[in-house]
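# An overview of the molecular structure
Below are the chains, spelled out letter by letter.
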Amino acid sequence: MENRILIVEDDLEIVGLLEIHMKDLNATVDSVNDGRAALEKALTIDYDLILLDLSIPIINGVEVCRELRKTKDTPVIMVTAKSEEIDKVLGLEIGADDYITKPFSIRELKARAKAVMRRSEKSAANSSGQSEMDFGDLKINVEMRRVTLDGHKVELSPKEFELLVLLAGHPGRSYSRSELLDVIWGYNFSGYEHTVNSHVNRLRAKIEPDMSHPIYILTTWGIGYRFNEEI
């Protein structure tokens, strides 16, 4: 089955280059040149991947990703000329799945695109082998990528979902931040550990009745996080 990819980039030469090589991945490719058009497309069409530049007109890439994550879990790779660590961390914290800087290797970009779409399809976090998990008010359907709380659907980003499935699939098992980075993001670098904290906090805000006294995702002091084994 063909993948569908959206390219969000205002440099037409780069758009042409990306279109050629993304089509090599058995993909139908759409492209837009500004953030407003990107949101219109991304919120109405179910893409398998969005290649998103940070420095685009009207609405920048950071705001596009932040708005998209309110309702959609479409995989996003940020493609940008900005290479400072703070920009990488910001991109990951607002929900991007990966980050690549210009000038980039086409081979590397294609490899990352395939990896992100593959993780989205099979959910790298589903190492528990369970298709459904029931924790009373909180229910997780892994195959449908659906989470409900007290009967209401909870909208999670891809990384929030993968974090939840990984932790919930192994109740009581404590994961360090570096382990979570390696399993969920594939980044073995301590500078990104704050990204884990940010995602856990957002996940808690969506599923915990009281964030100050979480009942599902617990902190293992000095180590990292675990799912409550007593539920």
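Not measured: the values here are computed from a predicted model.

## Details of the overall build of the chain
- The number of helices and strands found in the chain is eight helices and twelve strands.
- If one aligns the C-alpha atoms of the chain with their principal axes, the spans along those axes are about 55 × 35 × 30 Å.
- Across the 231 residues in the chain, those meeting the buried criterion constitute 50%.
- Of the contacts made within the chain by residues no fewer than 6 positions apart, 57% connect residues no fewer than 24 positions apart.

## A closer look at the sheet that holds strand 11 (residues 217-220)
- The three strands lie next to each other as 10-12-11, forming an open sheet whose pairing is antiparallel. Edge positions in the open sheet fall to strand 10 (175-176) and strand 11, since each of these has one partner strand only.
- Across the face of the sheet, helix 6 (residues 158-168) comes into contact with strand 10, strand 11 and strand 12 (224-227) while running at roughly 65° to strand 12.
- In the packing of helix 8 (residues 193-207) onto the sheet, contacts are made with strand 11 and strand 12, and the angle to strand 11 comes to roughly 145°.

## As for the pattern of salt bridges
- Under the defined criterion, the tally for this structure stands at 18 salt bridges.
- The partner of K70 in a salt bridge is E67, and the shortest N-O contact between them spans 3.1 Å.
- Classification of E67 by relative accessible area gives partly exposed; the value is 33%.
- Between E179 and R173 there is a salt bridge, with the nearest N and O atoms lying 3.3 Å from each other.
- Residues joined by salt bridges that share partners form a network here, namely R69, D97, K159 and E162.

## Remarks on helix 1 (residues 12-23)
- For helix 1, with twelve residues, the first-to-last C-alpha span of 16 Å sits near the 16 Å given by 1.5 Å per residue.
- Where helix 1 begins, the capping side chain belongs to D11, and its oxygen is found 3.0 Å from the backbone nitrogen of E13.

## Some words on the packing of aromatic side chains
- Evaluated as defined, the whole model comprises two aromatic pairs.
- Ring geometry for F135 and F227: centres 4.6 Å apart, planes at 50°, overall tilted. With a gap of 92 residues between them, F135 in strand 6 (residues 132-135) and F227 in strand 12 connect regions that are remote in the sequence. We note that F135, like F227, is buried.

## Section: the packing of helix 7 (residues 177-185) against helix 8
- Between helix 7 and helix 8, the shortest axis-to-axis distance is 9 Å and the interhelical angle comes to 80°. With respect to helix 8, the element helix 7 is oriented roughly perpendicular. Where helix 7 approaches helix 8, its residues R177, S178, L180, L181 and W185 are matched on the opposing element by E193, T195, V196, N197 and H199.
- In terms of residue class, the contact of helix 7 with helix 8 is built from four nonpolar, four polar and two charged.

## Overview of the packing of helix 6 against helix 8
- One way to put it is that helix 6 packs onto helix 8 with a least axis distance of 10 Å and a crossing angle of 80°. It follows that helix 6 is roughly perpendicular to helix 8 by the angle criterion. Here K159, E160, L163 and L164 of helix 6 lie close against helix 8, whose contacting residues are H199, V200, R202, L203, K206 and I207.

## Comments concerning the sheet that holds strand 8 (residues 146-149)
- Read from one edge of the open sheet, four strands run 6-7-8-9, paired in antiparallel fashion. Each edge of the sheet is formed by a strand with only one pairing partner; in this case those strands are strand 6 and strand 9 (152-154). The sheet shows a mean angle of 20° between the axes of neighbouring strands, direction not considered.
- Packing of helix 6 onto the sheet brings it into contact with strand 6, strand 7 (138-141) and strand 8, and relative to strand 7 it is tilted by some 105°.

What counts and how
Residues numbered from 1 in each chain as written. Predicted model: local features only at pLDDT ≥ 70, side-chain atom pairs only at ≥ 80, totals over all residues. Heavy atoms only, no water. Helix = DSSP H or I, 4+ residues; strand = E, 2+ residues; numbered from the N terminus. Buried < 20%, exposed > 50% of the residue type's maximum accessible area, 1.4 Å probe, protein only. Contact = heavy atoms within 4.5 Å. Pairing = 2+ DSSP bridges. Axes fitted to C-alpha atoms, helices over the stretch in contact; angles between N-to-C directions. Salt bridge = Lys/Arg side-chain N within 4 Å of Asp/Glu carboxyl O. Expected span 1.5 Å × (residues − 1). Polar contact = N/O pair within 3.5 Å; in protein donor to acceptor, adjacent residues only side chain to side chain. Phe/Tyr/Trp six-rings, centres within 6.5 Å; stacked < 30°, edge-to-face > 60°. Parallel < 35°, antiparallel > 145°, perpendicular 65-115°, else oblique. Nonpolar A, V, L, I, M, F, W, Y, C, P; charged D, E, K, R; others polar.

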